[in-house]
Amino acid sequence: RIRTMSLRQFPAQSWILLLMGVYGGLLRMYHVSPEDGLISALLAAATLLPLALIIPTQLESYEDGARFCKMLIWVTMVWTAGAAVQFVLNRDLVVLGVNRHFTGLIANANQAGTMLNVVAVCGLWLVLNGRAKTRWVYIWCTAVCLAELYWTASRGGLLAFLIGAAIITYSRIGRMALMLP
């Protein structure tokens with residue numbers, strides 16, 4: 001299916017994200033060293049380009065979106081387990097700064113907050129739209145993501161979660177979703 005897709009069929013967001021990663025590598029070339037910047041740019045291209053190519057081919061129906069959210073939740077739970085193991089082994093690598101903000105297995109707390117807000121919004125969507133059998137599992141997973149998001153102290157991550165939660169709950173409770181704190 002990838003061979004038959006034109007470049008216009010790939011979402012603009014994926015190209016923008018790829019350009020941001022390569023641009024970040026270029027900035028590192030100037031601020032740190034050319035070798036470090038080149039490695040960052042290549043790593044961004046190596047990780048983001050496959051996502052840009054594969055995700056549009058995989059998300060063709062409602063069930064595919066639900067499956068993607070479930071996969072994202074479970075991968076984050078594995079990431080959380082890895083962060084818990086690292087916390088036990090050496091907590092200085094999992095928390096950062098004087099206030100000991102949670103970073104998980106990522107470089108800083110804001111990056112962790114950015115990732116965790118997306119996962120928490122997907123978890124909230126699964127709680128509201130998933131099957132009754134698995135609802136409690138997703139409630140627990142969402143609660144863990146929200147606790148980690150709170151621990152990061154990322155204001156942007158929390159704001160993005162609140163916007164995502166308002167969008168998801170808008171269909172259920174109408175304009176009252178916009179009045180939530």
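Model, not experiment: these values are computed from the prediction.

Undergrad: Can you help me understand the overall build of the protein chain in this one?
TA: Looking only at helices and strands, the protein chain has seven helices and two strands in total. Counted from the first residue to the last, the protein chain has its helices and strands arranged as α-α-α-β-β-α-α-α-α. If you line up the protein chain on its principal axes, its C-alpha atoms span 50 × 50 × 30 Å. Per-residue burial for the protein chain yields a buried fraction of 33% across its 181 residues. Excluding contacts between residues fewer than 6 apart, the proportion of contacts in the protein chain whose partners are at least 24 apart in sequence is 57%. Summed over its atoms, the accessible surface of the protein chain is roughly 12,100 Å², and 69% of this surface lies on carbon and sulfur atoms. Where the 14 positive side-chain charges of the protein chain centre and where its 7 negative ones centre are 11 Å apart.

Undergrad: What is the right way to look at the side chain of Thr80 in this model?
TA: Within the secondary structure, Thr80 is located in helix H3 (residues 62-89). Those residues in contact with Thr80, other than ones at most four positions away along the chain, are Val144 and Glu148.

Undergrad: It is not clear to me how the packing of H3 against helix H4 (residues 109-129) should be interpreted in this structure. Could you clarify?
TA: For any two helices packed against each other, one specifies the crossing angle of their axes together with the interaxial distance. Where H3 contacts H4, the axes come no closer than 9 Å and their chain directions differ by 125°. When the axis of H3 is compared with that of H4, the two are oblique. Considering only the axes of H3 and H4, their crossing is left-handed. For the pair formed by H3 and H4, the contact residues are Tyr62, Ala66, Cys69, Lys70, Leu72, Ile73, Thr76 and Trp79 on the first element and Met115, Leu116, Val118, Val119, Cys122, Gly123, Trp125, Leu126 and Asn129 on the second. Residue composition of the contact of H3 with H4, grouped by class: 13 nonpolar, three polar and one charged.

Undergrad: Where do I start with the environment of Glu60 in this structure?
TA: Mapped onto the fold, Glu60 is located in the loop between helix H2 (34-58) and H3. Expressed as a C-alpha distance, the spacing of Glu60 and Cys141, which sit 81 residues apart in the sequence, is 26 Å.

Undergrad: Is there a simple way to explain the nonpolar core in this structure?
TA: Ranked by size, the top nonpolar core spans 25 residues in total, and within it Ile73, Phe102, Leu116, Trp125, Leu126, Cys145 and Phe161 carry the most contacts. When residues of this core are traced back to their parent elements, those giving at least two are H3, H4, helix H5 (135-152) and helix H6 (155-173). The element that contributes the greatest number of residues to this core is H4, accounting for nine residues. For Phe102, the contacting residues outside a window of four places in its chain are Trp79, Ala83, Val94, Val95, Ala109, Ala112, Leu116, Glu148, Trp151 and Thr152.

Undergrad: Explanation requested: the confidence of the model for the protein chain in the structure shown.
TA: Close inspection of predicted coordinates is inappropriate in any region flagged by low pLDDT. In this model, the protein chain carries an average pLDDT of 82, and 90% of its residues clear a pLDDT of 70 or more. Predicted confidence in the protein chain is weakest over helix H7 (residues 176-179), with a mean pLDDT of 64, and strongest over H5, with 93.

Undergrad: I tried to follow helix H1 (residues 12-31) on my own but got confused; where do I start?
TA: Its 20 residues place the ends of H1 28 Å apart at the C-alpha level, agreeing with the 28 Å of an ideal helix rising 1.5 Å per residue. Those residues of H1 not exposed but buried are Ser14, Leu18, Gly21 and Gly25. For H1, the buried positions fall inside an angular range of 60° around the axis, keeping them on one side. Turned more than 90 degrees off the buried face of H1, the exposed positions are Gln13, Leu19, Met20, Tyr23, Tyr30 and His31.

Rules behind the numbers
Residues numbered from 1 in each chain as written. Predicted model: local features only at pLDDT ≥ 70, side-chain atom pairs only at ≥ 80, totals over all residues. Heavy atoms only, no water. Helix = DSSP H or I, 4+ residues; strand = E, 2+ residues; numbered from the N terminus. Buried < 20%, exposed > 50% of the residue type's maximum accessible area, 1.4 Å probe, protein only. Contact = heavy atoms within 4.5 Å. Areas by Shrake-Rupley, 256 points an atom, 1.4 Å probe, with all protein chains shown as cover. Lys, Arg positive; Asp, Glu negative; His and termini not counted. Charge placed at Lys NZ, Arg CZ, Asp CG, Glu CD. Axes fitted to C-alpha atoms, helices over the stretch in contact; angles between N-to-C directions. Parallel < 35°, antiparallel > 145°, perpendicular 65-115°, else oblique. Left-handed = near helix turned anticlockwise from the far one by under 90°. Nonpolar A, V, L, I, M, F, W, Y, C, P; charged D, E, K, R; others polar. Core = buried A, V, L, I, M, F, W, Y, C linked by side-chain atoms within 4.5 Å. pLDDT = per-residue confidence, 0-100. Expected span 1.5 Å × (residues − 1). Arc of directions from axis to C-beta.

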